[in-house]
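# Results of the structural survey
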Amino acid sequence: MNISKDKSIRLKEAVGKYVADGCHMSIGGFTASRNPMAAVYEIIRQRIDNLHLYAHSNGQGVDELIGAGCVSRLEIAYAGTGRFAPTCVRFKKAVQKGEIAVEDYSNYQMTLRFLAGAMGVPFLPTRSSLGTDIIAKWGFSSEMRAADPRIPDQKLMVMDNPFGSWGDAPKLVLVPAINCDVTIIHAQKADREGTVRMEGLIFSDVEQAKSAKHVIVTCEELVEPDILKANPDQNQIPSFCVDAVVHVPHGAYPTACYRYYDYDPNYLNEYRRYAEDDRLYKTYLEDFIYGLKDHKALLDKVGRGRLEKIRADKRTGYAVGLDRR
Amino acid sequence: MPDYTLKELMTIAAAREIRDGDIVFCGTGISMVAAMAAKNISAPNSVIFFETGAIDSLLEEVPLAVSDSRVMFWTSVNGNLADAFAAMQNRVTGPHVVGIMGAAQIDKYGNLNSTAIGDYFKPKVRFSGSGGACDVASFVGRTITFMQHEKRKFVQKLDYITSPGWLDGPDGRKKAGLPAGGPASVITNMATMGFDETTKEMYLTGFFPGITPQKILDNMGFEIDVSRAKEVEPPTEYELQILREKCDPQRLILG
């Protein structure tokens, strides 16, 4: 917990301080929206490896971390980037080649797991997945679980309702809490103290942030605390949950950030073509990540013209009429 | 008779399954267009919602992901995942939800695989995984599933059960402890199918114009009853007009 009144820090320092080899990490956002991409690229640039990654439905961020070899274990519900990659390409290759260990859950289960972590309880119940292989098949072996105290000994457990007929649910699935070392989210606005305001859908970012030991928030706009305090009902995360605040305009690019910019169909389609070919993917990593100093350099490389095309329309929050083929 | 494409026929066939007043859960792609068509044609009081938490989105443009900013614009509520799935698990609202799904494999009881082909631990082909599909299939009143009509997709035994259908028959869900809902229909590029009231086994309800029941059977890995099937009514001019002008004018999904 960081109670400083000024948590603003540069991205390079924030990643260096809170993201270490082998740490348990989760990233916010959903498929092609509000993934903390600037932070993802910085993690790749710092060549952090052996990450144990958690996500519910992250597309682009998860795929790029896997593609760059940063991830060894993954707990996830869905790895896809909408129509740009119905199954994330590097994820698919890595699983098929046995390069990463994956454990499958559902979206609600992952959300409840983060919520349990945020609440400080070891598990929460749901009726989802009874009778399925999500319960029957474990991605991580008993030995692997026993070797790492940060992984629960069981994947999911089914129990008879301890309240008997109360609530008319004879059986329940217990989902274990997640408490990561670090969660990274990208928000529209934050202040230097760490108060966060997201706009549009907030997915499970709040539960993810509150379940982690440390939280890095990257934001489109770093605003004065008074601006957030003037409309406190629009804020979601209190300052004491946050360790580092990093001002990164276009920090979710190439994924979308509601009311600021759309996803970049051009980048996501190009990415897929690179990702499908192992040799080309090496050049992608070199040209778009390792060879660039920071996120600003990526935006410069992409060019103002393309960023202008995805600029969000004021009325709708997305780029109206954007060519998305 | 108006000209139409196969995708348009499939979309309209699914839209006709949606009842006025349904709460429609949809994913991306054709399911979203079917939900939009139903709302504009026969189910004006239906509410479209997404697992990401967006409720009653206007959808001026077709979203390409359920997290697309296009689902966030002009909604009644922008919530979160916890809210969205709770609405499906909720005893009052859940039974009114119809979920539209898709999968890589389906069996005769409507169980779905969207995780892996081959051995789960050494998959031949890995897919995205459940996402919200398992939650929806576990909780809601009824589901409609889109499938490509191929032998390798309609299989005797799934390689991985991602989302529960009727599990192993009439008592399957009850024995497992699941809520009472389950699969209602399957729509493919050849036919529409339902599930028998008593046995919960899949049977043919309709075949598309120009497709014989035998051809449908030839493309499945298990036998189904075809005796109750009728030819599916082609889309009307009005249905096509709404679909083309209001639902996907850019033809991002319909092609």
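Rules used in this analysis
- Residues numbered from 1 in each chain as written.
- Chains lettered and ligands numbered in written order.
- Predicted model: local features only at pLDDT ≥ 70, side-chain atom pairs only at ≥ 80, totals over all residues.
- Heavy atoms only, no water.
- Phe/Tyr/Trp six-rings, centres within 6.5 Å; stacked < 30°, edge-to-face > 60°.
- Helix = DSSP H or I, 4+ residues; strand = E, 2+ residues; numbered from the N terminus.
- Buried < 20%, exposed > 50% of the residue type's maximum accessible area, 1.4 Å probe, protein only.
- Contact = heavy atoms within 4.5 Å.
- Domains from an automatic or database assignment.
- Buried area = accessible area lost by both parts, 1.4 Å probe.
- Salt bridge = Lys/Arg side-chain N within 4 Å of Asp/Glu carboxyl O.
- Polar contact = N/O pair within 3.5 Å; in protein donor to acceptor, adjacent residues only side chain to side chain.
- Nonpolar A, V, L, I, M, F, W, Y, C, P; charged D, E, K, R; others polar.
- Pairing = 2+ DSSP bridges.
- 1 Å grid on protein atoms, 1.4 Å probe; cavity = no way out; pocket = protein on both sides within 12 Å on 5 of 7 lines; lining within 4 Å.
- Points joined across faces, edges and corners; volume = space filled by probe spheres on them.

Another point: the packing of aromatic side chains. Here the distance between the centres and the angle between the planes together describe a pair of aromatic rings. Overall, the coordinates contain 19 aromatic pairs over all chains when judged by the stated rule. When the centroid spacing of 5.5 Å and the interplanar angle of 40° are considered together, the rings of Tyr108 of chain A and Phe85 of chain B count as tilted. In this pair, Tyr108 of chain A sits in helix H5 (residues 107-119) while Phe85 of chain B sits in helix H4 (residues 81-89), so the two residues belong to two different chains. According to the relative accessible area criterion, Tyr108 of chain A is buried, its value standing at 7%. Judged by relative accessible area, which is 0%, Phe85 of chain B ranks as buried. Centre to centre, the rings of Tyr271 of chain A and Tyr284 of chain A are 5.2 Å apart; their planes meet at 80°, and the pair counts as edge-to-face. Of this pair, Tyr271 of chain A sits in helix H10 (residues 265-276) while Tyr284 of chain A sits in helix H11 (residues 278-290), and the two are 13 residues apart along the sequence.

Right, let's get into helix H1 (residues 6-15) of chain B. Residues and elements named next belong to chain B. The buried count for H1 comes to 8 of 10 residues, which makes it a mostly enclosed element. Looking only at H1, the buried set comprises Glu8, Leu9, Met10, Thr11, Ile12, Ala13, Ala14 and Ala15. Considering only its buried residues, H1 is in contact with helix H2 (30-41), strand S10 (142-146), strand S11 (182-187), strand S12 (191-195) and helix H8 (237-247).

Residue and element names in this part refer to chain A. Per the domain assignment, the segments of chain A are domain 1 (1-122 + 180-325) and domain 2 (124-176). Look at where the C-alpha atoms of domain 1 and domain 2 centre, and you get two points 28 Å apart. Counting residues at the interface gives 24 residues for domain 1, matched by 19 residues for domain 2. Taken together, both faces of the contact between domain 1 and domain 2 bury some 1600 Å²; the carbon and sulfur share is 60%. Ionic pairing is found between Asp181 and Arg150, a salt bridge with its closest N-O pair at 2.9 Å. Summed over the shared surface of domain 1 and domain 2, the result is 12 residue pairs in polar contact (both at pLDDT 80 or more). At 7 residues, the largest contribution of residues to the side of domain 1 that touches domain 2 is made by H5. Its residues assigned to classes, the side of domain 1 that touches domain 2 comprises 13 nonpolar, 5 polar and 6 charged.

What follows deals with the pairing of strand S10 (residues 214-223) of chain A. All names here are of chain A. Most of S10 is tucked away, with 7 of its 10 residues classed as buried. Pairing of strand S8 (residues 182-191) with S10, which is carried by 9 bridges, proceeds in the parallel orientation. The residue of S10 that forms the bridge with Ile184 is Ile216. Across 4 bridges, the pairing between S10 and strand S11 (residues 244-247) is parallel. Residue Ile216 lies in a different strand from S11, and its bridge partner there is Ala244.

Let us look at empty space enclosed by the protein. Empty space among the atoms can be located by rolling a probe the size of a water molecule over them. All names here are of chain B. All chains considered together, the criterion is met by 4 cavities of 30 Å³ or more. Taken as a whole, the largest cavity spans an internal volume of roughly 40 Å³. What lines the largest cavity is Met101, Gly110, Leu112, Ala137, Thr143, Thr145, Pro164, Gly165 and Pro183. For the lining of the largest cavity, the residue count by class is 5 nonpolar, 4 polar and no charged.

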